[in-house]
Amino acid sequence: MAAIESSLSPNWTMALRSLWADATPVQRFALILGVVLVLLAVASPLIAPFDPNGQSLLSRLRPPLGFERAKPGYLLGTDELGRDMLSRCLYGLRLTLTLAALGSVIGLCIGGTLGVLAGVAGGRTDTAIMAAVDTQIAVPFTLIAIFLLTILGHSIEVMVFVLALDGWEKYARILRGETRKLMQMPFIEAARAAGATPLRIARHHLLPNLMSPIVVQFTLSFSNIILLESTLSFLGLGVQPPTATLGAMVGAGRDYMPTQPWIVIAPAVLILIVTFAVQTLGDWLRDRADVRLRPR
Amino acid sequence: MKRLLTATALTALMVAPAFATDLNVAAANVSSYLDPGRDHSNVGSQFYFNTFDPLIHKDYSTAEARWIPGLATEWTLIDDTTMELKLREGVTFQNGEAMTADDVVFSLNRMYQATFAPYQVRSRDRLENFAGAEKVDEYTIRIMAKRAEPLWETLLNLQQVFIIPEDYTKGLTGDPMVAEDSDYEAFSLAPVGTGPYAVSEFVPGQKLVWTRFNGFWGDKAPLDSVTVTRVPEIASRLTALKTGEVDMITNVAPDQLALVASEPDMHAEGSATALFHVMIMNMNHPKLKDARIRQAMSLAIDRDALDEALWLGKAIVPSTHTMKEFGALYMPDLKTFEYDPEKAKALLDEAGYDGFEITFDTDGVYYTNGLLAAQAIQEMWAEVGINSRIDVDPKWTGNDPEMMARNWSNPMYFADPFGSFGVMWAPGGPSQSEGRFNTDEAYAASWDRFRYSSDVDTRRSAYAELMDRIQQDPPVLPLYQPYESWAMRTGVTWVPQAGHIPYVLDFRAGAITVDASN
Amino acid sequence: MLRYTAITLLRMLITFFVIVTLVFFATRLSGNPIDFVIGQGITEDDRVLLTKYYGLDGSLWTQYLSFLRAFTDGQFGLSFLERRPVAVIVAERIWPSTQLLLTSIALTMIVSIPAGILAAIYRKGWVGSAVMTFAFLGYAVPNFVLAIFMVLVFAYVLNWLPVVGNGTALHFIMPTLTLSAGLIAALTRFTRNAMLDVLGQDYMRTARAKGLPESLVILKHGLRNASITVLSVLGLQVAATAAAGSVVVESIFAWPGIGDMLVRAAVNRDYPVLQFGVLTVAIAVITINTVVDLAYAWADPRLRQAGRA
């Protein structure tokens, strides 16, 4: 548990230094990448060369600089309405990271609470929560999304809610399983026998041991949400145009893959990079969080 | 699969050794049902012409109305409202039944005196003037109109009055002597007509197989069989054509034409389709009641720029709700719709537009380039100061009082302005009864003259009056006739013909040739 | 064990009922199918006519009852669009979907369990990194981008593989790869992590200390214990794929499967197809999960003894 406590302690420089020292080159690379992506996203209004929604109908589908017919000043070319790909990618990255972060945090809060509750409480509470989980798992999520978006409208807020809803049942199911497993462990039984309150057990004994599955599920969920958003765009259910997200750009651009592939390649590569950074960092944190894997 | 192919090849060898030709088509969409009577969708229109015949055919190679005998060999008006038709003898349906006057009367009256709800709906907007049909003898029938009808041939050439077999249809379910609703429902899954291709397999929404009908009364079908499969993704359709899995594909967007042109073993054919993509505006929305706001919305849209950018200049931008397929009623001189951003700004000022948000609803995929056009329109509106938001939803919102503007299409259901503008914008018609379009007595009077006058000039001037009304208080802006393309492998020769309604896949004799080398 | 099985089955039934009811009311909340089925430009009179024709004119309660009744006649109602029994439509599509799901599960297990074990054992080495990089690639690319990319490379350019439909074994290759990519990525990661958890456990050290060969230790103790986590993840992932992931694959490869049917039914508000289609998928998913649950209990005696729920 030492690892977690140290990384959460106020002594940030120490913690970071220890993190860095412990990392493989790939992990260091991912960390830098993650920082750069977040900075780009935050700064996108400042660094984007053009209005992401500004069209130029007479210079549609221009390739990136360096190719024939490229349009000066448009580094990554233009899209199907003559909008600057680079600006759209930057703004898209910003919104995509926001959606994914909000979606996975909300999903974690709902699912994590319910999962641990089910695991600790057992009995009727467990049955009820798991029935809800089973129901959600058994109904194709695209359908849930279609109905929610029709009934509640197509706003960004609804989109966040829909994206969060896709993840909660996974947290719940996994954390319930892990909690149940832990509840059988001698040290928790001992704590209970010693009269610790459920809340104390949860905080001091469960949570540290649940960090590993939480982190893994969080990183999966984060990339999952990015992909889900692109699938919704594929089905015409994503964020409303002209708003750019990476998923929406890929979804709307797919018809141009045979002819103007850069329209899809740029946002797809960004999705790839984001996912790579998130998952590598996730694996790293997970390994560090897992006390058994500390260097012996 | 392989064995199946061998078996087919063997059969083909025995039956028609020289010209065994099968065509595979990948279509963006395949109908959910096949009944020409109740259908007027763009998807459905693709499939009826090969299987069914009307009483009166036309020369489909030209946009002009040249009527030629179909299942009727001659037709004469015996008074203002009655037409007598001699039926072709020796016609058989694809199930072997001989076609008689009973079948024809049954087919016509299933629409004219419809009892089946989907027929009633289709009948009301275009066949309202027909009272019924009756048998005179085995090969003679009469059709009675309610009022003198200027468009007899046109309205007997319609897909809705294609001829179907009576006994077969009635016998599909329940009592074989009675036409129940369930008979028509069953018919739409196993349709039978008199055309050159029989539907030999139909999986709704997925696949359709036509087989040559050797008992066809006219020129024999040039193909042994045609298989149409639904392949919704354009990348997959193009690839299937390239690999040779299919011989022909539908719905090639203008942006893909360069790719097709660059491939030596395929080519594309297209035409500006007899259909308008339109923008409709809700006259009765509280914020759009002032006609000047809607005029500005219309004036702000540079349709030529849309054509140049999205359609490579191949679409047709109309000056009024007219297209050359209308023949004598084609009126390109009328200037109902134009691009004038300065005037748009002035009108917005006059009307006191305060920057409220106008929503533009669109389906994400239904109209080629529809979503792109919506976004371009949003930008053009912004140029004149109109603030807007796009709402993408497959739901039809044309009947929603909250709807402000959205895209739609006004297809030409038959070659007359009545078959396009007339169906959609009639007094009491769909647009009005959906609550987004108003008419008054003067409009109705003009409409009546346009619809029923037997004098072409009267019809023209009445139509001009209607267009004038549309200009003053606009409910609609026709954007363009989209340029629709099909691509096929080298060796397949097919073009969309000007005499057809939009999207018809005509594989009859003379319409397609396929070299058998493949 | 018997009690546990009985409780699991009862839970399944309750879930079915909840789903069926939820779907019924969700569909009714989300719009009148007339707007989708016939849709554009019909007069008010005609709306009334069609509403009656489709049996949508009764009160919500009447409709709900007739909906429940439809489950007893073996047809499950008529599709609004196609006007044929829903049972026929679903039956047409269930086998192609199942085939694709089975090939994908098979491929996933074959690839990701060994890969996950390797990645765990060689955690710090290049093998581990390589495996995890590939696993991550499968997860990081939207599956339709992967699918269209494969279509363009293997069919358009190279002309090795067919694109349309499910006619031959060759037709399975690209759809299976597309559908498996995400599954393989997820399962490899989870297998790796489960193995890591297990490798650090005391009994593994004990086993090693007893001098058993490393590979035997890993296979016997490691896999056995890791399988608990792996199973539960597999169940979840397969369920998710069965339920949602296939629609993209089906529309790109013109695969006549159930995902495509469901999404089209949902978009068009073809209630009868949608309702029964959702139920069919739910049955499949819940069955998979129940089997996994039972396997879970079998693999972990502590849970079995404790009983659940």
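Predicted model, so just to flag it, every value in this text is computed and none were measured.

Undergrad: So what exactly am I meant to see when it comes to the overall build of chain C here?
TA: Scanning chain C from terminus to terminus reveals 13 helices and 0 strands. For chain C, the α and β elements follow one another from N to C terminus as α-α-α-α-α-α-α-α-α-α-α-α-α. With 309 residues in all, chain C has 52% of them scored as buried. Sequence separation of 24 or more characterises 72% of the internal contacts of chain C that already satisfy a separation of 6 or more.

Undergrad: How should I be thinking about the interface of chain C and chain B in this particular structure?
TA: How big an interface is tends to be stated in terms of accessible area lost as the parts join. The interface is formed by 37 residues belonging to chain C together with 38 residues belonging to chain B. For the side of chain C that touches chain B, the class distribution of residues is 20 nonpolar, 10 polar and 7 charged.

Undergrad: Would you take a moment to explain the sheet that holds strand 5 (residues 82-87) of chain B for this structure?
TA: Across a sheet, strands are paired by hydrogen bonds formed along the backbone, either parallel or antiparallel in direction. Residue and element names in this part refer to chain B. The strand order across the open sheet formed by 4 strands is 4-5-7-6, and the pairing between neighbours is antiparallel. With partners counted over all chains shown, the strands left at the sheet margins are strand 4 (72-79) and strand 6 (130-137), one partner each. Between one strand axis and the next, the sheet turns through 20 degrees on average, direction left out of account. Its contacts with the sheet put helix 3 (residues 101-112) on strand 5, strand 6 and strand 7 (140-145), and the angle it makes with strand 6 is roughly 170 degrees.

Undergrad: Would you mind showing me how to read the packing of helix 5 (residues 123-138) of chain A against helix 7 (residues 156-183) of chain A here?
TA: The description of two helices packed together rests on the angle between their axes and the distance between the axes. Residues and elements named next belong to chain A. At a minimum axis distance of 10 Å, the contact between helix 5 and helix 7 shows a crossing angle of 135 degrees. With respect to each other, helix 5 and helix 7 are oriented oblique. Crossing angle aside, the handedness with which helix 5 passes helix 7 is left-handed. Judged by residue contacts, Ile129, Val133, Gln136 and Ile137 of helix 5 engage Glu169, Ala172 and Arg173 from helix 7. Looking at the contact of helix 5 with helix 7, its residues break down into 4 nonpolar, 1 polar and 2 charged.

Undergrad: Would you mind showing me how to read the interface of chain C and chain A here?
TA: At the junction of the two partners, chain C supplies 43 residues and chain A supplies 44 residues. Of all elements in the fold, only helix 1 (2-29), helix 6 (126-140), helix 7 (143-157), helix 8 (170-199), helix 10 (214-252), helix 11 (258-268) and helix 12 (271-299) of chain C reach the threshold of two or more residues within the side of chain C that touches chain A. Of the residues assigned to the side of chain C that touches chain A, the class counts are 33 nonpolar, 8 polar and 2 charged.

Undergrad: It is not clear to me how the confidence of the model for chain C should be interpreted in this structure. Could you clarify?
TA: Low-pLDDT stretches of the model should not have their predicted coordinates read in fine detail. Residues and elements named next belong to chain C. Looking at chain C as a whole, its pLDDT mean stands at 80, while 90% of the residues score no less than 70. Helix 13 (residues 301-306) is the least confidently modelled element of chain C, averaging 52 in pLDDT, while helix 7 averages 91, the highest of any element. Per-residue pLDDT stays below 50 along residues 304-309; that stretch engages in 12 contacts with residues further than four places along the chain or on separate chains. Scoring of the predicted complex yields 0.89 for pTM and 0.85 for ipTM.

Reading the values: the criteria
Residues numbered from 1 in each chain as written. Chains lettered and ligands numbered in written order. Predicted model: local features only at pLDDT ≥ 70, side-chain atom pairs only at ≥ 80, totals over all residues. Helix = DSSP H or I, 4+ residues; strand = E, 2+ residues; numbered from the N terminus. Buried ≥ 20, exposed ≤ 12 C-beta atoms within 10 Å, placed from the backbone. Contact = placed C-beta atoms within 7 Å. Nonpolar A, V, L, I, M, F, W, Y, C, P; charged D, E, K, R; others polar. Pairing = 2+ DSSP bridges. Axes fitted to C-alpha atoms, helices over the stretch in contact; angles between N-to-C directions. Parallel < 35°, antiparallel > 145°, perpendicular 65-115°, else oblique. Left-handed = near helix turned anticlockwise from the far one by under 90°. pLDDT = per-residue confidence, 0-100.

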